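Listed here are the chains, written in short residue letters.
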Amino acid sequence: REAGLPPGPPTVPVLGNMHIFPTKSPHSKFTEWARKYGGMFSLKIGPGTVVVLTDVAAVKELMDKRSATTSDRPPTHIADRITGGFHMGLARSTSAWKILRKTSGAILTAQATAQHLPIQQAEATQLLYDILGSPQASPFSFYTHISRYSYSVILSVLYGKRARRYNTEVSGFFTVMHEFNAILSPGATPPVDAMPILEFIPERWAQWKRDSRRIRNLQRTLYFGMMEETRARMHRGEGNGCYMEEVVGREKELGMDDEMTSYFGSALLETGSETTSSYLQSFILALVAYPEAQKKAHEEIDRVVGEDRLPTLVDLERMPYIRAMILETHRFRPVTPVGIPHSTLAEEEYQGYIIPKGATIFANLSFQGAFSTIQRSSMIQKNFIPGRYMLTKNGTKPGIDGSDLKATFPFGFGRRKCPGMHLACNSININAMNLLWAFDFEPEIGADGNSIAVDTAAYVAGIATAPLPFKCRITPRSPGKAKTIEREFLAAADTFAKFEVGLGEGDEEYAAISRAYAG
Ligand code: HEM
């Protein structure tokens, strides 16, 4: 470890800390090391440096305030090989990324997102309707209902076309995306970023190069096909005001070309679908595990909304406990517990330590919410206590300074902050209210008649996590509410109609059956 770097675990020759770098669930190890080495510590990965920030003041200063130098991404040769450097979330701070980012800023504004609320609400109604019909048709079907929702809402607002059923194009999309995620996961390919010489191995001896080519082709077929369909619809004069139509219309002004436009849409689809699903699955997990919190939320929503209509975003203003619950879910189980890594474009100095140019920086979000320094963090994530956000704005213990915490931290930092945040927050808010309004979520009953506790620590390993599929009982809270869901689903038909383009035969049939049932 070079002089001036923040402290960290002892290194070994050549590898540095590479042999002990936690690739599966980095946040737990990062938190453990933070207790030992402090709120800013470093790791050596071969010649490269990784800096992990756990102290909130350091996160705010370095990731937000000094974002001009901390908003690069670490190199990802494989991602660039597959996407040509056009994946907005993975691209370095190149001119292409700047254009993609500017485009997202131009179209995903809070105001524009508000215009897409009707389809978001209609899709959320289908989520209730699907859960009502088959909460557990297969053991975990509420999982697939949530995945369908998340994908369909983004598909609708981006491409103007919805996905009615999981089994058709939704599963196709997730298959391609999982292949992409799998090849990007640590250890899946030789360490090309650390040893660039590996790039020169001929393709016939490098399975990872052949896999990259195959995944590139799969992605291009899927995503370029979606764009072609959108353009064809526009040419036929059948546009429906979706985001990608706006990008096509403003391509020149924004400096985009057809290739970039296709990758722009696909990055939003990929980054937006699983994150939203993961959040909603964690929300349900917390409801099952913490019945007292669920009971309080039920009381609040019953008081404000009643039985005969679904909640709206306006209602949320009168539901402080549910607002607190939404924040607490981000704190309890952040979708990306260590954020998405940034990288430095220039050397930075902070509290006497050097962060070299090209260093990778992680912000350990596990600290999120309750405490302003790691020393106070012994209770991190153990309990789901929404009430903490009713005591203080940032959920800190009364008397502890929480002013460095920001409610947007679960969505990242500085110039890399999630551009889909407004869309995501609307989805989270609408569905959190809907699910609470509609259903009781309880532990599954085992063969011996006892309830089976859910495991709130059983999560998918990796940078972006989600609860592993769990069983629970989901029942409508009253026959009146079940009727309201069916009625509202039927009433959503008009909103759906403009997004139901190019349906396959099976989908037409499904539409007819579900409408008949709802009617
Ligand atoms: C619960 C939902 C979501 C969460 C928790 C979430 C969280 C995040 C986080 C932590 C980052 C990394 C920010 C950073 O590097 O500092 C990110 C980036 C990104 N998100 Fe989201 N996100 C969500 C939903 C969405 C949605 C719905 C969309 C699209 C419509 C989206 C699009 C993106 C994109 C494109 C990036 C990459 C930005 C860049 O690197 O410049 N996200 N998100």
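Not measured: the values here are computed from a predicted model.

A. Molecular detail of the overall build of the protein. A count of helical and extended segments in the protein gives 21 helices and nine strands. Relative to its length of 519 residues, the protein is compact, with a C-alpha radius of gyration of 23 Å against a globular reference of 24 Å. The C-alpha extent of the protein, read off along each of the three principal axes, is 70 × 55 × 45 Å. Here the contacts in the protein between residues at least 6 apart in sequence split such that 72% fall between residues at least 24 apart.

B. Inspection of helix 19 (residues 479-491) at higher detail. Across its 13 residues, helix 19 extends 18 Å between first and last C-alpha, which sits within 8% of the 18 Å expected from 1.5 Å per residue. Among all positions of helix 19, only Thr-484, Ile-485, Glu-488 and Phe-489 are buried. Projected onto a plane normal to the axis of helix 19, the buried residues spread over an arc of 130° and lie on a single side. Summarising the geometry of helix 19, the exposed residues directed more than 90 degrees from the buried face are Pro-479 and Gly-480.

C. Broad picture of helix 16 (residues 320-332). Look at helix 16: 18 Å from first C-alpha to last across 13 residues, which is about the 18 Å you get at 1.5 Å a residue. With respect to burial, helix 16 is a largely interior element, ten of its 13 residues being buried. The set of residues buried in helix 16 consists of Ile-322, Ala-324, Met-325, Ile-326, Leu-327, Glu-328, Thr-329, His-330, Arg-331 and Phe-332. Looking at the buried residues of helix 16, the elements they touch are helix 13 (258-289), helix 14 (291-305), helix 15 (313-316), helix 17 (388-391) and helix 18 (421-438).

D. Spotlight on the packing of helix 7 (residues 117-133) against helix 8 (residues 141-159). Contact geometry of helix 7 with helix 8 gives a least axis separation of 9 Å together with a crossing angle of 165°. When the axis of helix 7 is compared with that of helix 8, the two are roughly antiparallel. Here the hand of the crossing between helix 7 and helix 8 comes out right-handed. On helix 8, the residues that touch Ile-119, Gln-120, Glu-123, Ala-124, Leu-127, Asp-130 and Ile-131 of helix 7 are Phe-142, His-145, Ile-146, Tyr-149, Ser-152, Val-153, Ser-156 and Val-157. Here the contact of helix 7 with helix 8 is built from residues that sort into nine nonpolar, four polar and two charged.

E. Structural detail: the sheet that holds strand 1 (residues 40-45). If you walk across this open sheet you meet the four strands as 1-2-6-3, and the pairing is mixed. Of all strands in the sheet, those bounded by a partner on one side alone are strand 1 and strand 3 (342-343). Note that strand 2 (residues 48-53) and strand 6 (residues 360-363) share four bridges and pair parallel. Pairing of Val-51 across the sheet is with Ile-361, part of strand 6. Across the face of the sheet, helix 1 (residues 26-37) comes into contact with strand 1, strand 2 and strand 6 while running at roughly 115° to strand 1.

F. Here's a closer look at the sheet that holds strand 7 (residues 439-445). Reading across from one edge, 8-7-9 is the order of the three strands in this open sheet, with antiparallel pairing throughout. At either margin of the open sheet sits one strand with a lone partner, and together these are strand 8 (451-452) and strand 9 (472-476). Two elements, strand 7 and strand 9, share five bridges in a ladder whose sense is antiparallel. Pairing of Phe-441 across the sheet is with Ile-474, part of strand 9.

G. Expanded view of the UniProt feature "binding site: heme" (unreviewed entry) in the protein. According to UniProt, the positions carrying the feature "binding site: heme" (unreviewed entry) are Cys-418. Mapped onto the elements of the fold, Cys-418 is located in the loop between helix 17 and helix 18.

H. Inspection of the site of the ligand at higher detail. In the vicinity of the ligand lie 28 residues, with Gly-89, Gly-272, Gly-412, Cys-418 and Gly-420 positioned nearest. Listing elements by their share of the shell around the ligand, those giving two or more residues are helix 13 and helix 18. A per-element tally of the shell around the ligand places helix 13 first, with seven residues.

I. How the structure looks around unusual backbone geometry. In this structure, Val-14 takes a positive phi of about 65° despite not being glycine. Turning to its location among the elements, Val-14 is positioned in the segment before helix 1. Judged by the 10 C-beta atoms lying within 10 Å of it, Val-14 is exposed. For Gln-351, which is not glycine, the phi dihedral falls at a positive 45°. Residue placement: Gln-351 occurs in the loop between strand 4 (348-350) and strand 5 (353-355).

J. Fine view of the environment of Thr-109. If you trace the backbone, Thr-109 turns up in the loop between helix 5 (95-107) and helix 6 (110-115). Taking C-alpha positions, Thr-109 is 7.3 Å from His-422, a pair spaced 313 residues apart along the chain.

K. Highlighting the nonpolar core. Among the nonpolar cores identified, the biggest contains 98 residues, and Leu-158, Phe-264, Ile-284 and Ile-322 are the most heavily contacted of them. With 15 residues, helix 13 is the largest single contributor of residues to this core. Apart from the residues within four sequence positions on either side, Ile-322 is in contact with Ala-297, Glu-300, Ile-301, Leu-316, Ala-432, Met-433 and Leu-436. In this structure, Met-40, Phe-41, Leu-62 and Phe-409 belong to the second largest nonpolar core, which totals 26 residues.

L. Fine view of the packing of helix 8 against helix 13. Two numbers describe how helix 8 lies on helix 13: the axes approach to 9 Å, and their chain directions differ by 145°. Judged by the sense of rotation from one axis to the other, the crossing of helix 8 with helix 13 is right-handed. Here Tyr-143, Ile-146, Ser-147, Ser-150, Tyr-151, Ile-154, Leu-155, Leu-158 and Tyr-159 of helix 8 lie close against helix 13, whose contacting residues are Gly-265, Leu-268, Leu-269, Gly-272, Ser-273, Thr-276, Ser-277, Leu-280 and Gln-281. A breakdown of the residues in the contact of helix 8 with helix 13 according to their chemical character gives ten nonpolar, eight polar and no charged.

M. Focus on the confidence of the model for the protein. Put simply, the protein has an average pLDDT of 88, and 92% of its residues get 70 or more. With pLDDT under 50 throughout, residues 368-380 is counted as low confidence; its partners more than four residues away or in other chains account for 39 contacts. Scoring of the predicted complex yields 0.93 for pTM and 0.99 for ipTM.

N. Structural detail: the pairing of strand 7. Of the strand pairs in this sheet, strand 7 and strand 8 are connected by two bridges, and their pairing is antiparallel. Counted as the bridge partner of Ile-445 is Ser-451 from strand 8. Two successive antiparallel strands, strand 7 and strand 8, enclose a turn made up of five residues, where Gly-449 displays a positive phi of approximately 85°.

Reading the values: the criteria
- The numbers attached to residues start from 1 for each chain and follow its sequence in the written order.
- Local features in this predicted model are restricted to residues of pLDDT 70 or higher, and side-chain atom pairs are both shown and tallied only at a pLDDT of 80 or more, whereas totals for entire chains, interfaces and linings draw on every residue.
- In this description a helix means any DSSP run of H or I spanning at least four residues, a strand means any run of E spanning at least two, and both kinds are numbered starting from the N terminus.
- Throughout, radius of gyration means the C-alpha value; the globule benchmark is 2.2 Å times the number of residues raised to the power 0.38.
- By the convention adopted here, residues make contact when the C-beta atoms placed from their backbones lie within 7 Å.
- Helix span is expected to be 1.5 Å times the residue number reduced by one.
- Buried residues are those with 20 or more other C-beta atoms within 10 Å of their own C-beta, exposed residues have 12 or fewer, and partly exposed residues lie in between; C-beta atoms are placed from the backbone.
- Throughout, the arc means that of the directions going from the helix axis to the C-beta atoms.
- Convention adopted: a line fitted to C-alpha atoms gives each axis, helices being fitted over their contacting stretch, and angles between N-to-C directions are expressed from 0 to 180 degrees.
- When an angle is under 35 degrees it counts as roughly parallel; over 145 it counts as roughly antiparallel; between 65 and 115 it counts as roughly perpendicular; any other value is oblique.
- Handedness of a helix crossing follows the sense of rotation of the near helix relative to the far helix, less than a right angle counterclockwise being left-handed and clockwise being right-handed.
- Here the term charged refers only to Asp, Glu, Lys and Arg, the term nonpolar to Ala, Val, Leu, Ile, Met, Phe, Trp, Tyr, Cys and Pro, and the term polar to all other amino acids, Gly among them.
- Pairing between strands is defined by DSSP: at least two bridges between the two strands are required.
- UniProt positions are given in the numbering used here, feature names are shortened, and annotations may be inferred rather than shown by experiment.
- For each residue, a C-beta position is placed from the backbone atoms; the residue is near a molecule or strand when that point lies within 6 Å of it.
- We call a set of buried Ala, Val, Leu, Ile, Met, Phe, Trp, Tyr and Cys residues a nonpolar core when their C-beta atoms link them within 7 Å.
- Note on scores: pLDDT gives the predictor's confidence for each residue, bounded by 0 and 100.

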